[in-house]
Structure formats: C-alpha cells, structure tokens
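Structure assessment
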Amino acid sequence: MKYYIFFFFVFCTIDCLSQKIIDKSVCDQWPVLQQIDGKSCMISNDGKYIVYQYYSNSSGLENVLLNIHDSSTMNLHGANSMRFSNASDFFVAALPGDSLLIKDLNTNKEFYSDNVRSIVYPVKGIGSWIGLFTAKENQFVIRNIKKSKFFKLGYASFAVFNENGNALLVIDSVGLKYVDINRGTTSYVANSEGCTFASFDHSGNNVAFVVKCENSQYKLLYYSVITREVKSLFVNFSANPNFRINDTDLRFSEDGETIFFSIIPIPELSSSLTAQQFLPSTVSIWSYQDKIIHEKLNRFINERKNALYSCSYNLKTGNVNQLEDDSLHLESFIGTSRYCLLSTKVSEEEYYWSGEKKTLYLLSLQTGNKIKVLSGEYPELLQFNFLSTNEKFVLWYNGLEKNYYAYQVSTGKIINITAKIKSSLSPRLPGEADLLRDRNTCYGVAGWLAEDEYVLIYDRTDIWLVDPTGVKSPTCITNHYGAKENITFRLSEGLNDLARVNMQSTIWMTAFDNQSKRNGFFKSSLRSKLTPQKCLLEDAAFFFYPRFPMVSSTAAVNPAAFAPVESPNKDFFIVRRMTSQESPNLYLTRDFVKFQKVTHLNPELSVKWMNSKLLNWKLSNGVNCQGILHVPENFDSSVKYPLIFNYYQQRSEGLNVFKLPELAGHNINIPWYVNRGYLVFELDFYYERNKTAQSIIEIATSAVNFLSRFSFVDIGRLGIQGQSHGGYETNILATGTNLFAAACEMAGYSNIISEYSSLRPGGFNNQSGVDIGQRNLGDFPWINPKQYIDNSPVFHIANMTTPLLMIHNRQDAAVLFPQALELYMFMRRAGKRVWLLEYQGEGHQIVNDNNKLDYTLRMQQFFDFYLKGAFPPKWMTGGLSPLMRESELGFKLDSAYIPEKNP
C-alpha cells in the first residue's frame, strides 16, 4: 500500500486561553449568511447599493443595507419584502411590528409608517407606487414613495399591480376593481361579483379572473382594459365535470394568447349506493399483477382528493387543454402559447425493473393535438426530458446508450446529437459511478443559446457546444483542458446570459480541481481550440456542484448555493467565498481575479477553531483514496489524540467548505469535537458492486493503517459515527471489524433482507436501494441469500467487541425503526454493549432543539468515556427507564463505575 505523509502539523503558538469552548450558547450566537429570494444579495440597478442578510438563533434575522462606494451601512433587524426602486433612488422594506421604511437614497432621509401588514410591488420593480395592506383595518392603500401621496381604496382581500406599476386590480366585497393610477380613476369590472383571483397579462391591457357563483360553480372570465368588455370563457371545467377551476392560480403566456390555470376536484357527494349494491367487506386483495402496491394506491387516492392539475385556454382558438391528469405529468413548460411536453406517469421506485414504458408527448396548446415523441423503458428516458428555450427541440438523455437525443419539432426527426463526442457523458470512474443508478445518469446540460442554435452539454470535466440538428460536429469549448488537468468546468446561474451569447462573447465558468479540491473561475469563449484562461483557482469554496450530498443545515455552507450575482448595471459580480478556516462571506469582483470583501462575519476567531488537510493514499489495487483530517488549531504533534471517523459516501469535495458549529441533528458536529481535543477524519468510500460491506471494511481498514503512520493518532482510541447510509456503514464496521473502540450510528440499516421486503410510509418499497442504490447488491435474496447475509450487520455480531450507541426514531420514514430494533435485540441477546436512543416525535433526523441538545450531550459522553477515559454517565451504566424520565435524565457521571470485560 502506497502512502503519503504530510508534515503540515506543527505546534500552533496562538494563545487560545481567551477563546471559547464551542457549546450551545456559541452555536446559538453564530451568525450565518442567508440568501435573499434565492440569491446571494440584492443589488440596486445603479450598482451603488447592496442588501445582504445573516441569521443567528439568538438574534434572529439581520439585514444590512450597504453603500459599496463609501461603505456606509444601515442595519435592518428582521426586515422583509425589501426592494430598491427602479431608478435606485429609494429603498423600501417591511419592518417588525407592522412598520414600513422608505429611505431616500439620495438624501439619506428615512420615512416610517406603522399599521402596515404587507406590501405589494409591481412585477418589474418600483416606479413610484407601492401597495399597502393595513394591519388593523385590513384596508388597502397605494402610496407614492417619492411624494408621500396616498390613495385609500378601502377593504381589499387581494391586490396586484400590472408589470409597469401604473395600474392595479383590487378585489373587495363587491367585486373586482380596476385602478388606473395615472388617471386617478377606479371602476368595477362588470360581472365580477364573487371574484376570488385575477391576473394581468404582460401588456397590462387584459385581465383574467375567476368568479365564484352562488351554486358553488366557478367561472373563468376575460376583461379588456381598452374596450372594457367582459367575456365569460367557461363555467367549472366542462372537459372534466368532476373538477372545478382553482380560484388561486391564473397567469398569461408571454404573448398573451393563452391563459394558464389549474383545476381541483369537486368534493364528492354522499354515495347513493344502497347496502344491496356492494359487499360490506374490508378485505384488500394484493396481487402479483398489481402495477401499484395497495398502500401506495391508498395514498394516491387520498392525494387525488387535493390534486392540482395544470390546464390552458387559448384565447384565439378557444381550445381548452387539461395538461395533467392521473396518468400524465407536465414534464417541461416554457410558458408560451405554442407547446408543452408531457410524460406518462410511472412508479418511479419500480420503473427500473417493472417494464413500464415512459412516453413523451408534445402537446400543441393552440390545437390540442398531442404528438407522441418517444416511448421507452428504463433507462432510455432517464433524465433531462425538456423543451428547448424556443421550443424548436425536445431533448432527453438515453441512459442505455449514454447519449443525448433531440426531437426536431418542425420535421419530427429524432437525432443522436452527441454520438461524435468520445468522452463519457455519464459517471464511470471509481467512487463516481459506484451505483447502477449513477452509471445511468448524466453530467447534465448547461443551457441553450439564442434561437436554439446550440445546446451546451457537460461531460465529467469539460463543456461541449452541440448542434441539435446534428449537422455540425460538437466542439469542446474548454478545449479538453478540464480532462487534461482534472478540473471540472461548469456554467453557473448568474454568470452568463446564454440567450445573448455569441461566438466572441466572454464565457465565465466556475472551476473545481478534482484532485486538490481548489475552486475558482475561468473565462473562455465559444470559439474552438481556445484554452480557458484562469482567473483564480485557490484553496477556497466559491461555487460548485458537488457530485455527492454534503450534510449541511443551511445554504450558507452549501457550495451549490449562493450562485454569483451580476449587478444590473453589468459593472461587477458578488460572490460567496469560504474556506475550512474562514466563515462564508460575500466579495465583490469585476474580473474574478481581484476581490474586495463586502461582509465581515468571522465568529470563528472567538473560539478554538481547526485546521483541515486533504490526505491521499492508495489501495493495493491502485485506487486512490482520499479523506479530510481535521485537527485543533493549537495542535501539538507530540500528543496522541483520539480520532473519530465520520462519513457519507464521499466528502473530500468539501475540503474547503466551512463547517458550522451547531448541535447535532444527525452526524457529529465536527467543530464541536475538534474544539474538545478530538481529531476527526472524513473518509471517502468506493464500492464494488455486490461487495458493499467488503468495500467499506477494506477502505476503512486501509485508512486506519494509513493513519497509524502518524505518531499523533492514538490507534487504540478510534471511534466511528455516521447517519442514514453512513449509519449503515457504521453498523458494517462495528460488526465486521475490531478496529474501533466505540461506534455511534443514527438511522442506519442493519438487515438488508428485511429491508428488501419492507415498505416505507406511503407505499414506497425499499428494493431500489438494494438493487441499484446505496446498498448496491444487484442480485436477489432468493437467488443469492449469502450475499444478503454478508452485507447485513445483524448476522455478524458473534465476534463483535465494539460498543455501539444507536439513535433511531419511530417516525423515521426513510429508514424504518424495526431496522434499529433488529440489531439492538440481536446485540442485547448476545450480551453485547449497545444503547438505543429514541426521540419522541422525531424522524430521520432530529429537529427539535431540546432533542438536539440531548443527543449532542449523550453522544459526547459516550465518546468521552470510550475514547478519553472519562467516567460514564448514569444513563450508560444504569439505563433510563420510562419510569425515571421525569425525575432523572441520567447525565450525571458515575464515578463508582467498575469497567467490565469485553463480551
């Protein structure tokens, strides 16, 4: 086995005596960046101001209005519904306590109003007017933010501006009012009594609205602002008499020719059947011929009572289309009057084996004609079934052939558009395509260029410019540089407007070095044979799409959140940056080379923090293994430290992702333990199909052998902890090796045989997880029972010496509670050391803060006892029966404990 030892561990001379231990109070006070409306921040149109947001459990939500020219700030505690005016001269926000702020950005004067429940803004931003619902009287008022001019419109239940902000629709107890702000006029729309919802088209000249009639029927009507004519389109939904129009969902197509709405079931009337017309039986008959399992069918029947199906009405042709029903799903929808893409519904968790065919249909919204595009079994129609931006093509990925196909709408031709690309478009490397379902997936699509001339498609590292007609050969716009340097290039939302990109345009790309885990930005163009130009690639995390799930409680540390945002005036970008040692903060850049720090959230400076390092070693078969070792910042290489393994498939991509200190709700919190003198090692696993347990044991053993080369790792004090699939990995290691002094698992599988024959709530069966998912066995228990026994921890406790702390809750809908009971009952009967924590009302993870604190403290006491030699708590030495819960929690340490021999 080849190994590499990194001599980066040196004694740190930082004075940590004044730094705090991470505890609940530190976690509660920790400020964390938040997204605003799904973006990193808000930016004024002139690029002079931004608003960013952060949150802590103790202080709540904080907003900061920042002038990036002079760095002046205004703090807005708990503000929401924030907007800049289109001219960038005013800022508006709703404040706690039903208060309104209007700030004149030119004079810095602030105006406040109380008694404001909510704010209504025009779709295209604030011109001069906003709408206000009062808190006490439930009145509606429109206000000119520049002149403090008011119009009171009385009681209102609903209000919406047109896109330009110069007209309003208001619903009151009489009906629908049209308000012309420029003229200062108000008029009721005819036949609008009982109106419940209304919507402008994009021009603002036409209105669709829904009226509830006295007989509980619902009408869809159309109003012309110019002619003031009202047209009744239809009542209820004649195409399906069991459904009615949903009165809270109306919108127009971009061209205004089509109204999109939805329908919901009409409540069933009491049955008119007599007792003689049916058998009063309560039997359920489950048949091998059932396409849907009964339990899932019952859930479907209950859900159908509240079903919501999309529909369309074409104003030119009068054609009504029900786009969705019990058998059809709206797969892709651009929002024009031309087409939508539908697909037949399949049982997703059984689709891979059931032989069901998924069929794609292209529906004309003008004529109602439905064209069959393609029909196929798994994995022929696996991913990325969607319409192109201009609806000239339907695109899909064929997981069987590993290629993308395009259906040309004008000709009806089906074209393999990636056949000439030699690099793989789907995962295939060790650790990247360990599961069958991963092997059938693809790396994805970046988007379409103007007029659907080209589509940008990803392979593992590079980006391809592909002609959807198949005439021109694909070109690699990154010139294969990604494959050569093992750097993954991706376009991120917020960096490029593909509809305006041409061959000479600058293309901004995010870059992720798969070996070193560095992240940064490159630029290029669509011209072929140009090597991308590096702007920045460093030991930090800006923005990238991880291949494996990363455990995080907030978007602040999710590398796929906080996409770079370009200022409306195209002058700069705002990006989020973090490292393993530095909290996430926002930075301003104009070229992705130089960066100016915008926010200054660095709470890690007040506590004993940690250093993180990527370690590499090789298995005997040559596979390169990776893991992240976290050590205290005052690390002393002459000291032997206890070490805890933590894992979930693969984590090494998160080397530079900041770890928030927080109470545990699933996995151990790494800063919490490193702060207390532990080392933590995040290990990547790579699985051989049919040999999942063997792979887990082999890689963990190799990691232990590798870490034993470090004198500061106490090999006699190793622990392991994982949750969900990580819990299964823990169960495998605890029962299959004697390498670890303590193991803690949450919500892990223990018996793959009983898992295979179980149903999750709602009728979802667990077979896919075993066949093609994380257990990855690929065979059947009736064909190869030994394989199932080999991969089931419950059958391997005979020689087990590792004490196990289990956490599993009865309301866990992902991994059923009996999985924990089986292992607990086996170990208890065999006299093995095992504890099971069960939290009332919790599911796959722990959500309640009190329960999180309890779990955090008990897990730490468990590891402190076995890895640090602390006294055990009384809940470990004497248990905690239901009779004791109210008077004794068992946290007190048992100083009289006499160690027992290993069973």
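Figured I'd write up the structure that's included with this text. (Residues numbered from 1 in each chain as written. Predicted model: local features only at pLDDT ≥ 70, side-chain atom pairs only at ≥ 80, totals over all residues. Heavy atoms only, no water.)

A few words on the sheet that holds strand β35 (residues 455-458). Read from one edge of the open sheet, 4 strands run β34-β35-β36-β37, paired in antiparallel fashion. Each of the sheet's edge strands pairs with one partner strand only, and the pair in question is β34 (445-448) and β37 (475-476). As judged from the 3 bridges shared by β34 and β35, these two strands associate in the antiparallel manner. What sits directly across from tryptophan 448, in β35, is valine 455. (Pairing = 2+ DSSP bridges. Helix = DSSP H or I, 4+ residues; strand = E, 2+ residues; numbered from the N terminus.)

As a further point, take helix α13 (residues 849-868). Look at α13: 27 Å from first C-alpha to last across 20 residues, which is about the 28 Å you get at 1.5 Å a residue. With 14 of 20 residues buried, α13 lies mostly within the body of the structure. Two or three places before asparagine 850, at the opening of α13, asparagine 848 has a side-chain oxygen 2.9 Å from that residue's backbone nitrogen. (Expected span 1.5 Å × (residues − 1). Buried < 20%, exposed > 50% of the residue type's maximum accessible area, 1.4 Å probe, protein only. Polar contact = N/O pair within 3.5 Å; in protein donor to acceptor, adjacent residues only side chain to side chain.)

A word on a nonpolar patch on the surface. Among the surface-exposed residues, Ile753, Ile789, Phe795, Leu821, Met825 and Phe826 lie close enough to one another that they form a single nonpolar patch of about 470 Å² accessible area. For phenylalanine 795, the position within the fold is in the loop between α11 (785-790) and β54 (804-807). (Patch = residues over 30% accessible without salt bridge, like charges linked within 9 Å, V, L, I, M, F, W, Y side chains within 5 Å. Areas by Shrake-Rupley, 256 points an atom, 1.4 Å probe, with all protein chains shown as cover. Salt bridge = Lys/Arg side-chain N within 4 Å of Asp/Glu carboxyl O.)

Our next topic: the sheet that holds strand β41 (residues 533-538). Judged by pairing direction, the sheet is antiparallel, and its 4 strands sit side by side in the order β38-β39-β40-β41 without closing on themselves. Of all strands in the sheet, those with a lone pairing partner are β38 (487-490) and β41, marking the two edges. The sheet shows a mean angle of 25 degrees between the axes of neighbouring strands, direction not considered. Looking at chain direction, strand β40 (residues 519-524) and β41 are connected through 5 bridges and run antiparallel. (Axes fitted to C-alpha atoms, helices over the stretch in contact; angles between N-to-C directions.)

This paragraph deals with the pattern of salt bridges. This structure, assessed with the given rule, holds 26 salt bridges. Of the charged contacts, one joins aspartate 249 and arginine 251 as a salt bridge, the two residues approaching to 3.2 Å between their closest N and O atoms. With a relative accessible area of 32%, arginine 251 lands in the partly exposed category. In this structure, lysine 316 engages glutamate 257 in a salt bridge whose closest nitrogen and oxygen atoms are separated by 3.0 Å. Taken together, the residues span a long stretch of sequence, with lysine 316 in the loop between β24 (309-314) and β25 (320-322) and glutamate 257 in the loop between β22 (243-252) and β23 (258-265) at a distance of 59 residues. Residue lysine 316 is classed as exposed on the basis of its relative accessible area, which comes to 64%. Overall, glutamate 257 belongs to the buried group, its relative accessible area being 19%. Each of Glu538, Arg577 and Glu582 takes part in salt bridges that share partners, so that together they form one network.

Here we come to the packing of helix α7 (residues 692-707) against helix α8 (residues 725-736). At a minimum axis distance of 10 Å, the contact between α7 and α8 shows a crossing angle of 75 degrees. Considering their axes alone, α7 and α8 lie roughly perpendicular with respect to each other. Of α8, the residues touching α7 (which contributes Thr692, Ala693, Ile696, Ile697 and Ala700) are Tyr728, Glu729, Ile732, Leu733 and Gly736. When its residues are assigned to classes, the contact of α7 with α8 shows 7 nonpolar, 2 polar and 1 charged. (Parallel < 35°, antiparallel > 145°, perpendicular 65-115°, else oblique. Contact = heavy atoms within 4.5 Å. Nonpolar A, V, L, I, M, F, W, Y, C, P; charged D, E, K, R; others polar.)

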